[in-house]
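Structure at a glance
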Amino acid sequence: MKTAIRQVAKTLVIQLGGLNIYHRLMSRETLTVVMFHRVLPEEKIKQLDPDPAYTVSTTQMKAFIERLAKRYNFVSMRDVLASRAHKTPLPSYALLVTFDDGWNDNYEYGQPVLAAAKVPWTVFVATNATSHGAEWWQETLLSAIRSGRATYDCLWQLAEPERTEAPFKSANEPALDLLLRYARLSESRRDAILERFVSPNRKEKKDPDMANLSTLRGLRAAGVGIGVHGASHLPMTCINAARDIAEARDFLANEVSPDAALTMSFPHGRYDQSIIRAARSAGLSLMFTSDPVINTCPGGWLETDILGRIPISGPIIAGEKRELDPKRWMPWLYLRSRSQLPASAS
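What comes next concerns the included structure. (Residues numbered from 1 in each chain as written. Predicted model: local features only at pLDDT ≥ 70, side-chain atom pairs only at ≥ 80, totals over all residues. Heavy atoms only, no water.)

Turning our eyes to something else, we now look at the environment of isoleucine 312. Relative to the elements of secondary structure, isoleucine 312 occurs in the loop between strand S12 (310–311) and helix H16 (314–317). Judged by relative accessible area, isoleucine 312 falls into the buried class, the value being 4%. Along the backbone, isoleucine 312 and threonine 55 are 257 residues apart, and their C-alpha atoms lie at a distance of 8.1 Å. Other than its neighbours up to four places away in sequence, isoleucine 312 contacts Val34, Met35, Phe36, Val56, Phe64, Ile317 and Trp332. (Helix = DSSP H or I, 4+ residues; strand = E, 2+ residues; numbered from the N terminus. Buried < 20%, exposed > 50% of the residue type's maximum accessible area, 1.4 Å probe, protein only. Contact = heavy atoms within 4.5 Å.)

Here it is, written out as structure tokens:
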């Protein structure tokens, strides 16, 4: 009964425009950063079965961007950097669109939607995955568990490390620890194990999982922002973060553009004070977390180099019929803490 009452109350607030009024009052001097991962047409979603927690359809994205355009002023990464450097303030109701990982579908399906709406965006690139394109072993591994083609225990036992030393710390999270275990294997052995778990649909598809170097250069030439997402796409609290950041930074700076190594996002949202120090030492000007907060910027000026982001996926913004649902996306986006992440996070 209480749940039903809350749902009715939420519906009435939305219908009465209460959330929009709240947004207009509370978000004027803020920067909202939204975080996407994958964007695919519905038929591709059915074919490839990507993780729904990290995927939106092209239809959902188009409708969502149209709604955002009525309520926010889209800004580019260059605008955000200028605010942080105290050169040019951000406009009121600023919103930055970001993508993580470097999936090829960002280019193939996301870029046309965003370009048509004249929305600037940035993709944070996991360079070991995108430097050669093709299938990404991390997606193959996690997809095998999601689909039931393999159990966690089976995959764990198959990946007995070739080396006895433990180069990585534990993430204390089963899926991440499984990724770390497979990262210890040689590429040939890892591929041999995972090949049997690739779904038939993924074997038949012709498109690569990840954007290749040529695609990244094309995106940059088209004005899309490029940033660092580590090299290995492993949780940085478990690896040599300074080395991983430097490897990714150097690859992007040398192979794509020097300004592709000015910003970064933390893989799996894992970071601590030592990782922040490593990123700053690597010359990175802004660091984006997965902390779901709206960033305050009084007068349009950002006062910290550590920023929060709000994750966006199909189940978050759309209803059962996969159509954009204001009862879902408006509370999700608006009812967030408005804060400034500390410059020295622990």
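From this point on, the discussion continues.
A separate point is the packing of aromatic side chains. Under the definition given, this model contains nine aromatic pairs. Pairing phenylalanine 99 with tryptophan 121 gives two aromatic rings, centres 5.1 Å apart and planes at 65°, and the pair type is edge-to-face. With phenylalanine 99 in strand S5 (residues 94–101) and tryptophan 121 in strand S6 (residues 121–125), this pair connects stretches of sequence that are 22 residues apart. Here phenylalanine 99 and tryptophan 121 have matching classes, each one buried. Note on tryptophan 329 and tyrosine 334: the rings are 6.1 Å apart at their centroids and 75° apart in plane angle, and the pair reads as edge-to-face. Residue class for tryptophan 329 comes out buried when judged on its relative accessible area of 3%. Pairwise contacts between aromatic rings join Phe36, Phe64, Phe99, Trp121, Trp329 and Tyr334 into one cluster. A cation over a ring is seen here: arginine 336 above tryptophan 332, with NZ or CZ 4.2 Å from the ring centre. (Phe/Tyr/Trp six-rings, centres within 6.5 Å; stacked < 30°, edge-to-face > 60°. Lys NZ or Arg CZ within 6 Å of the ring centre and 35° of its normal.)

With that out of the way, let us pick up a nonpolar patch on the surface. Together, Ile21, Tyr22, Leu25, Met26 and Leu335 line one region of the surface with nonpolar side chains, adding up to about 510 Å² of accessible area. Looking at the secondary structure, you find methionine 26 in helix H2 (residues 18–26). Classification of methionine 26 as partly exposed rests on a relative accessible area of 41%. (Patch = residues over 30% accessible without salt bridge, like charges linked within 9 Å, V, L, I, M, F, W, Y side chains within 5 Å. Areas by Shrake-Rupley, 256 points an atom, 1.4 Å probe, with all protein chains shown as cover. Salt bridge = Lys/Arg side-chain N within 4 Å of Asp/Glu carboxyl O.)

All right, on to helix H10 (residues 174–183) then. Here H10 lies mainly inside the structure; eight of its 10 residues are buried. Within H10, burial applies to Leu176, Asp177, Leu178, Leu179, Leu180, Arg181, Tyr182 and Ala183.

A few words on the pairing of strand S1 (residues 30–36). By the criterion of burial, S1 is predominantly enclosed, with seven of the seven residues buried. Neither face of S1 is exposed, since Thr30, Thr32, Val34 and Phe36 on one face and Leu31, Val33 and Met35 on the opposite face are all buried. Where S1 and S5 come together, six bridges link them in parallel fashion. Each residue of the ladder has a partner; that of methionine 35, found in S5, is threonine 98. (Pairing = 2+ DSSP bridges.)

All right, on to the packing of helix H14 (residues 241–255) against helix H15 (residues 273–281) then. Two numbers describe how H14 lies on H15: the axes approach to 9 Å, and their chain directions differ by 35°. The interaxial crossing formed by H14 with H15 has right-handed handedness. For the pair formed by H14 and H15, the contact residues are Ala241, Ala242 and Ile245 on the first element and Ile275, Ala278 and Ala279 on the second. (Axes fitted to C-alpha atoms, helices over the stretch in contact; angles between N-to-C directions. Left-handed = near helix turned anticlockwise from the far one by under 90°.)

A large share of S5 lies buried, amounting to eight of its eight residues. Relative to S5, strand S4 (residues 73–74) runs parallel, the two being bridged by two bridges. Its bridge partner lying in S5, asparagine 73 is registered against alanine 94. Once you follow S4 into helix H5 (residues 77–84) and on to S5, the crossover reads as right-handed. Pairing between S5 and S6: five bridges, direction parallel. Residue pairing in the sheet places threonine 98 in a bridge with threonine 122 of S6. (Right-handed = clockwise from strand over helix to strand, strands pointing away.)

What follows covers unusual backbone geometry. Both trends apply: most residues other than glycine have a negative phi, and most peptide bonds are in trans. Although it is not a glycine, lysine 118 sits at a positive phi angle of roughly 60°. With respect to the helices and strands, the residue lysine 118 is situated in the loop between helix H6 (104–116) and S6. At arginine 322, a position not held by glycine, the phi torsion is positive, near 65°. Residue position: arginine 322 is located in the loop between H16 and helix H17 (326–334). Taking the relative accessible area as the measure of exposure, arginine 322 reaches 33% and is therefore partly exposed.

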